[in-house]
Each structure stands twice: as C-alpha cells, then as structure tokens.
Amino acid sequence: TDQSKIRNFSIIAHIDHGKSTLADRLLELCHAVPEREMENQLLDSMDLERERGITIKARAVTIQYDALDGQTYTLNLIDTPGHVDFNYEVSRSLAACEGAILVVDASQGVEAQTLANTYLAIEHDLEIRPVINKIDLPAANPALAKEEVENVIGLEAADAPEISAKMGINIQAVLEDVVHHVPAPQGDPKAPFKALIFDSQYDAYRGVVVYFRVMEGTLTLDQTVRMMASGAEYGLVEIGHLLPTKLEPCKSLSAGEVGYLTASIKNVKDTQVGDTITTVETPAAEPLPGYRPARSMVYCGIYTEDGSKYPDLRDALEKLQLNDASLTFEPETSAALGFGFRCGFLGMLHMEIIQERLEREFDLDLITTLPNVIYEVTKTDGTEVRVDNPHNYPDPSVIAEQREPFVKVSIISPPDYVGNIMPMCQERRGEFKDMQYLDTNLVEIHYHMPLNEIIYDFFDALKARTKGYASLDYEFLDYRASDLVKVDLLLNGEQVDALSFIVHREKAYGRARRICEKLKENIPRQLFEVPVQAAIGGKIIARETVKAMRKDVLAKCYGGDISRKKKLLEKQKEGKKKMRTLGTVQLPTEAFMAVLKLD
Ligand code: GTP
C-alpha cells in the first residue's frame, strides 16, 4: 500500500457532541455499508453501549474514500472511548493516529472533555481538525463555538466545517479536510517490525482478535509474533483488514496500516492494550513508548443473592475477563454474604457496566458492597500492606502510617457556578490548586482530592449544583498520608463484615449516623428489639434501635378487603425469600442496597 494515500485518525469530542453519529455518516459516505445493513452507531457494537449511549472499547474501521482530487484514500478511523475511566485506552488509540477530528457541539461549545481529549491529542502530536456539529439545532451558534475553539484551545477554527451529523449536512467537507490536512504515515516498511496494540477482543471461535497499527516494518503470515511486554510468542493464524462489516484476511500488513491478527490466543491479558508487537524474524530493539498495565482504582465485593449461584458468578466473571483485561477479581468470603469475589475496576462507570452485564447477560441477582479505593498501610513492624477490602484493614494499634490515593481534578464551568463548586470540593477534603479564566465565560478549576471522596456521587452532585454546565475530569496523582478510621456495623451486637467501611476520621460520625438511620428504616421489626450500632475499634459512635414487632401483618386490615389481605401475605412471602439471616437478625437484601446507595 502506498503510504501517501493512508490517513489514520480518531474522532474526539465531549460526551454527546455527536462523535458516533458522525462516524456513521463517514462510513455511509464511503459506501462502506449497504444501506440495508446500516445500523445506527455501527462502531459501538455492544448492546449495553448503545443503550447507554457511550463508547466503552476502542474499535477501528478501514474505509476507502474517493476524494475530489480524483485519488482514492484508505482511511483508518480509530474510535476512542468517551469516559474518564477509559483514558488510558484513549491515549493508546490516539498514539495509533496522525490526526484527530475534534467534534464540537454548536449549541454547547467547548466542555471539559473537549479540552481533556484535545490535550491528550496534542501530547501525541496529532494534527487536530475542529468540526462544528449540530448546526441544525435552533440553539446552534457555530460562530460562538468557533470562537471558543480559538480562544480556549488555541486552534485555528475559521475554516472548520460546519455540519449536522444527524441530518447528513456537509459531511464530505470533513473527509476533504482530513485528506488534505492530516499527515500521511511515514514508517519504514523495511525496518524491524513494530506495531501498537490499541484494542483486543475475545471471540469464541478465533480466540483473541488483536487490533493494531503498524508503525515500522512489514508483517507476513509466515512470521511468529512476540508481545514485547508479556514476552508471549505466537504463530499467526490470520492477519487482515478491519472492514466495517467483516474482518478481511490479507497476506501482509506494512508500515502505516491498521489491521488485526489471530493466533489462537486464549486471553486478552496476553495482548494488553499499549503493548508492542514485534516478530521473531525481525525483532525490534525497543518497544514503543507509553505502555502501562491496566490499573484498578475502585474495588467492591460482589456476591449472589442466592448463595448457591456462586459457581455461576465465577463463570460469568471469567467470561467477562476474557474480553476485559482491566477487570480483576479474587475469591473472598464474608460471614454476612457467604462466598463471593473482590473485584477491581478502572472507575465507577466501569464497575456499573460490569455489574449490569452480570445481571443482564448472565441473569444473576447480585449484592455488591460499598465501593472502596486501595489503601496503603505501613505497619509498626515496618511491613507494607495494600488493603482492597475494608474488613481486612489492620488494627489501629499496629498502624504506623496509612495513605490514600489522591487524584488531580479538573472542573470546567461557567464562572457563575464557582461559588457552588468550591464549597463542594472543600467539603470533600479538596485542596485548591488554581483557577484560570479560559475566556470570559469559562473557568477551569484545579483541585487535588482524595479518590475516595469522588467515587460515589461527586459527578452527579457537581451536575446538580451547576445545572449540568460544569464538566469533570480526573487522573491519579499519588498516595498521601491520611487520618483514616475503619467503621464497623453491629446488628444485635454482632459485627456485619460486609458493611465495614474506611473513612476519614472527621467524617466518621456523620457517615455512621446516616448508615444506622438507613438500616433502621430498612430492617423489618423482629420478635425482639434489635440495636443497630456503628463502632470504631470497640467504641460505639452511633446507635439506633429497631423496635420489637407487636402485631402480625394482617392485624391492621380490619377484616374487609380480601384482595388487600392476599397482597399483604404475598408481600410478606416475597420478603421472606429475600431475607438474609445475619446471626440472629434477618436482614432483607433491600437493606443492604439502601445502605450501599447512601451518600
Ligand atoms: P458518546 O459516545 O457518549 O461520547 O457520545 P457521542 O459523542 O458519540 O454522541 P452521539 O453520536 O451518540 O450523539 C449524541 C446525541 O446527539 C444523539 O442523540 C444524536 O442523535 C445527537 N446528534 C448527533 N449529531 C447531531 C446533529 O448534527 N444534530 C442534532 N440535532 N443532534 C445530533
């Protein structure tokens, strides 16, 4: 293939600015998909993604574009995930490109992820081409959006195509812009082989399908590939191009091209995103820069409501992991919940997606524990431990120092809401760093904050307090010493391990009191009085009481309505089914849910 006719690019945007819709239009314009087969949002291939309207995993497609200059160009469009949890995958996808289309919604202008993604693209030296989308909307103001792109980001935007991806207006201008302004790749096809993995996917028949961009050299079917980070070697089964509707085998892939390989690989863990592929025949001396193994930020325990479904849960997690190298899990036991798994995720969205897939695709009813971050503890005897389950937190008497993860938070908002945002960050132990005006109607605020304080509901709270105008981005910073305590919960004097949590000392009382109240509301009356207590070490810091039961459930419907009685009886039966006996106390699973959804 003639490299001067190849263009490798991504589309970057703030969530909902129209990235997927534009991608579909580009495919359509290149007749990549017969009209009949044209499904909405082809690049987002998982159902769940489609439903939630987000792109979870990077995908790529190769299309042929007949440009106005009479030449045919090979365009490799590499899709990027649209959420902060997947920032690393975004960075690997960008590293596979020479250019990026920056989609900006003409009615919203520049938002937090517009900036965050642009910065990432700039770091990878990409040629960034702004495109103003949604010009069909009554509220569209393309001129203002362009002004923001110029003032806030500093990109020339006067000639940016003004389009409507939804209506199909002016789409060709986008491809002409790409062909003429995004540089062609320039790798040496004769150099030792080097390719960057930007995605991989498990397929029951082929094993892992690895998606990559060839940076240098040429790959042919008779060669043996080596993954430079893991050291694993494989004889090739198939290599080829990523057409929109199918994988198309070919004989060789060389510098500048994007393609796939299969080699009877069993697990995506052996082909991690960001790793460099080389060959045994023409080995590269150095891997490509930028690889790092996936890192879990958030942990929670996952159990099945029905304890006998534990093996099903294990099978389901194993299946999901085949396709998701960033999901981790280890068996754990809880006195309260039985056998389950401690699972690690990239972030809260990743966690919700996995929980939802377990329930939906594998038909499991789950109980999950409160999510937590990983703590580092130096013990008095000098040993270091990392704690991913609050229940296993060392006793205060053996702790010399304890540290929690901090993140760098960036919030972009109209100046009017700064007065709402700052107290909210302060409350969450945020350390103010700086604030700068990006232009007269947009400020960027930086905080350093404990990850623990933002994983639950920070994003929602931020949206609520800024009428949806502010946007958020964060990345891991470092571990810092902190005054943490472990709070235990006791029902009828017995500790419930699954409800323990770690919290900053100053917040312990407030949180403990709220959880006790919540539990009291959700625990049905029993035959005896049940004290609900929260304790630090042996010391009780909050208490509520569930009064003893006095009447049976039918007592309050004075004869009369038989159907109402039936309903009550059924409800009671239903309730019984879902009870968990914790020592002497019966706790409905809803009570767990209520506590876990607190905050
Ligand atoms: P993520 O995948 O979540 O990052 O979103 P996205 O940027 O891919 O946005 P998507 O293409 O899913 O579009 C978001 C919403 O905007 C959808 O409801 C689209 O129908 C709508 N949309 C996209 N382009 C246009 C447009 O040109 N005009 C109008 N009116 N709506 C559009």
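The rules we used
Residues numbered from 1 in each chain as written. Predicted model: local features only at pLDDT ≥ 70, side-chain atom pairs only at ≥ 80, totals over all residues. Heavy atoms only, no water. Helix = DSSP H or I, 4+ residues; strand = E, 2+ residues; numbered from the N terminus. Buried < 20%, exposed > 50% of the residue type's maximum accessible area, 1.4 Å probe, protein only. Contact = heavy atoms within 4.5 Å. Areas by Shrake-Rupley, 256 points an atom, 1.4 Å probe, with all protein chains shown as cover. Pairing = 2+ DSSP bridges. Axes fitted to C-alpha atoms, helices over the stretch in contact; angles between N-to-C directions. Parallel < 35°, antiparallel > 145°, perpendicular 65-115°, else oblique. Left-handed = near helix turned anticlockwise from the far one by under 90°. Nonpolar A, V, L, I, M, F, W, Y, C, P; charged D, E, K, R; others polar. UniProt positions renumbered as here; feature names shortened; annotations may be inferred. Salt bridge = Lys/Arg side-chain N within 4 Å of Asp/Glu carboxyl O. Core = buried A, V, L, I, M, F, W, Y, C linked by side-chain atoms within 4.5 Å. Right-handed = clockwise from strand over helix to strand, strands pointing away. Patch = residues over 30% accessible without salt bridge, like charges linked within 9 Å, V, L, I, M, F, W, Y side chains within 5 Å. Lys, Arg positive; Asp, Glu negative; His and termini not counted. Charge placed at Lys NZ, Arg CZ, Asp CG, Glu CD.

A.B. asks: Got a minute to help me understand the overall build of the chain in this structure?
C.D. replies: A tally of regular secondary structure across the chain gives 14 helices and 32 strands. The 599 residues of the chain split such that 55% are buried. Considering only residue pairs separated by 6 or more positions, the chain has 69% of its internal contacts joining residues 24 or more positions apart. Within the structure as shown, the chain displays about 26700 Å² of accessible surface, and the carbon and sulfur contribution to it stands at 49%.

A.B. asks: Looking at this structure, I do not really get the environment of Glu361. What am I missing?
C.D. replies: If you trace the backbone, Glu361 turns up in helix α8 (residues 348-361). In sequence terms Glu361 and Ala316 are 45 residues apart; their C-alpha atoms lie 8.8 Å from each other.

A.B. asks: What is the right way to look at the sheet that holds strand β6 (residues 194-203) in this model?
C.D. replies: Note: strands within a sheet are paired through backbone hydrogen bonds, in either parallel or antiparallel orientation. Taken together, 8 strands build an open sheet; the order of strands is β10-β9-β15-β6-β7-β14-β11-β12 and the sheet is antiparallel. The sheet terminates laterally at β10 (233-235) and β12 (247-249), the two strands that pair on one side only. Strand-to-strand twist in this sheet, taken as the mean axis angle between neighbours without regard to direction, amounts to 40°. In the sheet, β6 pairs with strand β7 (residues 207-216) via 9 bridges, with the strands oriented antiparallel.

A.B. asks: Just checking my understanding: could you explain the side chain of Thr378 for this structure?
C.D. replies: Within the secondary structure layout, Thr378 lies in strand β20 (residues 375-379). When neighbours within four sequence positions are excluded, Thr378 is seen to be in contact with Thr383, Glu384, Val398, Ile399, Ala400, Glu401 and Arg403.

A.B. asks: Honestly, the packing of helix α3 (residues 87-95) against helix α4 (residues 112-123) in this entry has me stumped. Any pointers?
C.D. replies: Between α3 and α4, the shortest axis-to-axis distance is 9 Å and the interhelical angle comes to 45°. The angle between α3 and α4 places the two elements in the oblique class. For the crossing formed where α3 meets α4, the hand is right-handed. Residues Asn87, Val90, Ser91 and Leu94 of α3 pack against Asn117, Leu120 and Ala121 of α4. For the contact of α3 with α4, the per-class residue count stands at 4 nonpolar, 3 polar and no charged.

A.B. asks: Any chance you could explain the UniProt feature "binding site: GTP" (unreviewed entry) in the chain here in plain terms?
C.D. replies: In the UniProt entry, the feature "binding site: GTP" (unreviewed entry) is given for Asp16, His17, Gly18, Lys19, Ser20, Thr21, Asn133, Lys134, Ile135 and Asp136. Those residues in contact with Ile135 that lie beyond four places of it in its chain are Ala140, Pro142, Glu162, Ile163, Ser164 and Ile169. Secondary-structure assignment places Asp136 in the loop between β5 (127-133) and α5 (142-153). Residues within four places of Asp136 in sequence aside, it is in contact with Ser164 and Met167.

A.B. asks: It is not clear to me how the packing of helix α9 (residues 418-427) against helix α11 (residues 458-465) should be interpreted in this structure. Could you clarify?
C.D. replies: Think of two packed helices as two axes; the pair is described by the angle between the axes and how far apart they sit. Two numbers describe how α9 lies on α11: the axes approach to 10 Å, and their chain directions differ by 155°. When the axis of α9 is compared with that of α11, the two are roughly antiparallel. Once α9 is placed against α11, the crossing between them reads as right-handed. Residues Asn420, Ile421, Met424, Cys425 and Glu427 of α9 form the contact with α11, whose participating residues are Phe458, Ala461, Leu462 and Arg465.

A.B. asks: Teacher, can you tell me more about the pattern of salt bridges here?
C.D. replies: A complete count under the given rule lists 27 salt bridges for this structure. The residue Glu127 makes a salt bridge to Arg129 at a minimum N-O spacing of 3.1 Å. Residue classification places Arg129 among the buried residues on the basis of a relative accessible area of 17%. Between Arg226 and Glu233 there is a salt bridge, with its nearest N and O atoms 2.9 Å apart. Overall, the relative accessible area of 43% leaves Glu233 in the partly exposed class.

A.B. asks: How should I be thinking about the sheet that holds strand β16 (residues 298-304) in this particular structure?
C.D. replies: The sheet built from 4 strands is open, its strands ordered β17-β18-β16-β19 with antiparallel pairing. Either end of the sheet is taken by a strand with one partner, and the two such strands are β17 (328-334) and β19 (366-368). The average undirected angle you get between the axes of adjacent strands in this sheet is 30°. On top of the sheet, helix α7 (residues 310-322) reaches β16, β17, β18 (338-345) and β19; it is set at about 15° to β18, its chief contact. Relative to the sheet, α8 contacts β16, β18 and β19, its axis offset from that of β16 by approximately 15°.

A.B. asks: What is the right way to read the nonpolar core from this model?
C.D. replies: A general tendency of soluble globular proteins is for nonpolar side chains to be buried together. Of all hydrophobic cores here, the largest spans 77 residues; its most connected members are Leu358, Val409, Ile411, Phe458 and Val487. Beyond its immediate stretch of four places on either side in the chain, Leu358 contacts Ile302, Leu313, Ala316, Leu317, Leu320, Asp363, Leu364 and Leu366. Membership of the second largest hydrophobic core comes to 38 residues, among which are Leu94, Ala95, Val110 and Ile153.

A.B. asks: Would you explain the side chain of Ser296 in this entry?
C.D. replies: Looking at the element boundaries, Ser296 is found in the loop between β15 (276-279) and β16. By relative accessible area, Ser296 is classed as buried at 15%. Not counting residues up to four positions away in its chain, the partners in contact with Ser296 are Ser326, Thr328, Gly344 and Phe345.

A.B. asks: Sorry if this is basic, but what is going on with the pairing of strand β4 (residues 99-105) here?
C.D. replies: For β4, the tally of buried residues reaches 7 of 7 residues, placing the bulk of the element in the interior. What you see with β4 is no split at all: Gly99, Ile101, Val103 and Asp105 on one side and Ala100, Leu102 and Val104 on the other are buried throughout. As paired elements, β4 and β5 share 7 bridges and run parallel to each other. Note that in β5 the partner of Ile101 across the bridge is Arg129. At this point the chain moves from β4, through α4, to the parallel β5, and the crossover so formed is right-handed.

A.B. asks: I tried to follow helix α6 (residues 171-181) on my own but got confused; where do I start?
C.D. replies: Think of an α-helix as 3.6 residues a turn; residues three or four steps apart then line up on the same face. Regarding α6, the residues found buried are Ile171, Val174, Leu175, Glu176, Asp177, Val178 and Val179. For α6, the secondary structure elements touched by its buried residues are β1 (6-13), α1 (19-29), β2 (60-66), β3 (72-78), β4 and β5.

A.B. asks: Help me understand unusual backbone geometry in this model?
C.D. replies: Trans is the prevailing form of peptide bonds, just as negative phi is the prevailing case for residues other than glycine. Within the chain, Asp16 stands out as a residue other than glycine whose phi angle is a positive 75°. With respect to the element layout, Asp16 can be found in the loop between β1 and α1. Look at Asp16 and you get exposed, because its relative accessible area is 58%. Here the phi dihedral of Asn170 falls at roughly 70°; this positive angle occurs in a residue that is not glycine. Counting through the fold element by element, Asn170 comes out in the loop between α5 and α6.

A.B. asks: What is the right way to read a negative patch on the surface from this model?
C.D. replies: The grouping of Asp306, Asp312, Asp315, Glu318, Glu359, Asp363 and Asp365 at the surface amounts to a negative patch. When residues in the negative patch are grouped by element, the largest group, 3 residues, is from α7. Looking at the secondary structure, you find Asp312 in helix α7. Asp312 sits in the partly exposed class, given a relative accessible area of 36%.

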